[in-house]
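Chain and residue survey
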Amino acid sequence: MSKFIQLHLLTSYAPSNLNRDDLGRPKTARMGGTERLRVSSQSLKRHWRTSDVFEQTLGQHIGTRTKRLGVEVFNQLCELGVSEKQAKTWAIAIAGVFGKGKKDSLEIEQLAHISPEELAAVDALVKTLAAENRVPEKEDLALLRKNAAAADIAMFGRMLASSPEFNCEAACQVAHAISVHGVAVEEDYFTAVDDLNRGDSDLGAAHIGEAAFSAALFYSYICIDKELLVSNLGGDIELANKAITALVEAAVKVSPKGKQNSFASRAYASYVLAEKGAQQPRSLSVAFLKPIIGENQAEDAVQALQRQAENFDKVYGACADDRYSVNALEGEGSFEQLKAFAAD
């Protein structure tokens, strides 16, 4: 039976545009009949897996998402003295293992998530082909690996349309973060001054622009299937625990990078509730179906979250075997204990 780890986070971001839509405005969603601010799960996962937290904790156990493997292979072959014509042919064959190639291009059509072991196998093959001056054979192109020790692939999954047997089902589900209250997206009208304009003839600005922004307290939800995570990592429990620790720290501390140079809206989670158990997971987003209104939104949101968890327990029985929380608003709990609790 699977063991689930659930994280419920409340994080307050000052005026910002952390995750933009196609018009450059902050992403939104309607919930409970009210416009809410939103940060997509894709944005969150991208910033977590490329963060210093992941790098420091997981080191060589992080994969690479790219369409450009063929370009990298081509450049390596050329540096090793292979002719451009041969290098292009060989690079297309190698990249094609990970996805369908674009017409007249070294790139593949879709982003492929490639594990460190697979990249090492590609690198070894490139050196072999260059040294032996020969085309890659069918046996050489057996580059894909199952249960690779790439923690981010194990957590967030991957899909290889041309080789589904090497797909990896994500062990971690991440909801779009959504504000617990209604929001209004506003416009920041700004100007820039030319430092060499002395005002002798023109006192106007050198540049005028607008940037959309908003501020919100977000509810975020993460669910980890630890049994599946361990399985995805080939049974490596120690690496699975490191991956969970890295994910908890990144989710609590790492902010999306959208417009950070303009707004510097960096934040740690103000409240985190961690739950463990074999029960069917459930989000607590319904706690905010009615938007939080008032001057004590952070405290009210914490109470609403706790109350909803208790009410689920009353109706369905215990929805978790164990819980641990930290509340930075009140200075309660320990972040180190939170990480240990989640990974244990």
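It should be noted that the structure appears before, not after, this text.
Residues numbered from 1 in each chain as written. Predicted model: local features only at pLDDT ≥ 70, side-chain atom pairs only at ≥ 80, totals over all residues. Heavy atoms only, no water.

Let's shift gears to the overall build of the protein chain. Regarding its fold elements, the protein chain presents eleven helices and eleven strands. Across its three principal axes, the protein chain shows a C-alpha extent of roughly 75 × 70 × 35 Å. By the burial criterion, 48% of the 344 residues in the protein chain qualify as buried. For the protein chain, contacts bridging at least 24 residues in sequence account for 73% of all contacts bridging at least 6. Approximately 17700 Å² of the protein chain is accessible, and the part contributed by carbon and sulfur atoms is 48%. On the protein chain, the mean spot of the 38 positive side-chain charges and the mean spot of the 46 negative ones are 4 Å from each other. (Helix = DSSP H or I, 4+ residues; strand = E, 2+ residues; numbered from the N terminus. Buried < 20%, exposed > 50% of the residue type's maximum accessible area, 1.4 Å probe, protein only. Contact = heavy atoms within 4.5 Å. Areas by Shrake-Rupley, 256 points an atom, 1.4 Å probe, with all protein chains shown as cover. Lys, Arg positive; Asp, Glu negative; His and termini not counted. Charge placed at Lys NZ, Arg CZ, Asp CG, Glu CD.)

The subject of this paragraph is the packing of aromatic side chains. On inspection of all chains with the given rule, the structure shows five aromatic pairs. With a centroid separation of 6.0 Å and an interplanar angle of 35°, the aromatic rings of phenylalanine 312 and tyrosine 316 are classed as tilted. One end of the pair, phenylalanine 312, and the other, tyrosine 316, are both in helix H10 (residues 297–316), four residues apart, so they sit about a helical turn from each other. Phenylalanine 312 gets classed as buried once you look at its relative accessible area, which sits at 17%. Where tyrosine 324 meets phenylalanine 341, the ring centres are 6.1 Å apart and the plane angle is 35°; that geometry is what we call tilted. On the criterion of sequence distance, the pair formed by tyrosine 324 in strand E11 (residues 322–327) and phenylalanine 341 in helix H11 (residues 335–343) is long-range, its members being 17 residues apart. (Phe/Tyr/Trp six-rings, centres within 6.5 Å; stacked < 30°, edge-to-face > 60°.)

This part covers the environment of glutamate 299. Within the secondary structure, glutamate 299 sits in helix H10. Glutamate 299 gets classed as partly exposed once you look at its relative accessible area, which sits at 34%. Here the alpha-carbon distance between glutamate 299 and alanine 130, two residues 169 residues apart in the chain, equals 63 Å.

As a further point, take unusual backbone geometry. For aspartate 104, which is not glycine, the phi torsion reads 55° and is therefore positive. Its location among the elements puts aspartate 104 in the loop between helix H4 (84–95) and strand E5 (112–114). Residues other than glycine seldom take positive phi values, yet asparagine 147 does so here, at roughly 50°. Of note, asparagine 147 is situated in the loop between helix H5 (116–132) and helix H6 (151–156).

As a further point, take the pattern of salt bridges. Where side chains of opposite charge bring their charged atoms close, a pairing between them can arise. In total, this model carries 15 salt bridges according to the counting rule given. The residue glutamate 249 makes a salt bridge to lysine 253 at a minimum N-O spacing of 3.3 Å. Here glutamate 249 and its partner lysine 253 are both found in helix H8 (residues 237–253), four residues apart, which amounts to about one turn of the helix. In this structure glutamate 249 comes out as buried when scored by relative accessible area, which is 16%. By relative accessible area, which is 27% here, lysine 253 ends up partly exposed. When the shortest N-O distance is used, the salt bridge between arginine 323 and glutamate 275 registers 2.6 Å. Here glutamate 275 lies in strand E10 (residues 271–277) and arginine 323 lies in strand E11, a separation of 48 residues in the sequence. On the basis of relative accessibility, which here comes to 0%, the residue glutamate 275 falls in the buried class. (Salt bridge = Lys/Arg side-chain N within 4 Å of Asp/Glu carboxyl O.)

Turning to the side chain of serine 16, a few remarks are in order. Structurally, serine 16 can be placed in strand E1 (residues 4–16). Of note is the side chain of serine 16, whose polar atom sits 3.1 Å from the backbone oxygen of alanine 14. Look past the residues within four positions of serine 16 in its chain and what remains in contact with it is Pro26, Phe213, Ser214, Phe263 and Ser265. (Polar contact = N/O pair within 3.5 Å; in protein donor to acceptor, adjacent residues only side chain to side chain.)

Taken together, the side chains of Arg46, Arg65, Lys257 and Arg266 present a region of like positive charge at the surface. By secondary structure assignment, the location of arginine 65 is in strand E4 (residues 64–66). Relative accessible area serves as the criterion here: at 46%, arginine 65 is assigned to the partly exposed category. (Patch = residues over 30% accessible without salt bridge, like charges linked within 9 Å, V, L, I, M, F, W, Y side chains within 5 Å.)

Here the focus is the environment of glutamine 297. Note that glutamine 297 resides in helix H10. Accessibility expressed as a relative area gives 26% for glutamine 297, which makes it partly exposed. Linking glutamine 297 and phenylalanine 156, residues 141 residues apart in sequence, is a C-alpha distance of 32 Å. Look past the residues within four positions of glutamine 297 in its chain and what remains in contact with it is His181, Leu217 and Ile292.

The sheet contact formed by strand E2 (residues 28–31) and strand E3 (residues 34–39) spans four bridges and is antiparallel. Considered in E3, the bridge of threonine 28 is made with leucine 37. Where E2 hands over to E3, the hairpin turn is made up of two residues, of which glycine 32 adopts a positive phi near 60°. (Pairing = 2+ DSSP bridges.)

We now examine H10. Within an α-helix, residues lying three or four positions from one another point in the same direction, as the helix has 3.6 residues per turn. If you check H10, its first and last C-alpha atoms are 28 Å apart, about what 20 residues at 1.5 Å a residue would give, namely 28 Å. Burial in H10 covers these residues: Ala301, Val302, Ala304, Leu305, Gln308, Ala309 and Phe312. Projected onto a plane normal to the axis of H10, the buried residues spread over an arc of 165° and lie on a single side. Against E1, strand E9 (207–225), E10 and E11 lie the buried residues of H10. Phi turns positive one or two residues past the end of H10, at glycine 317, with a value near 85°. (Expected span 1.5 Å × (residues − 1). Arc of directions from axis to C-beta.)

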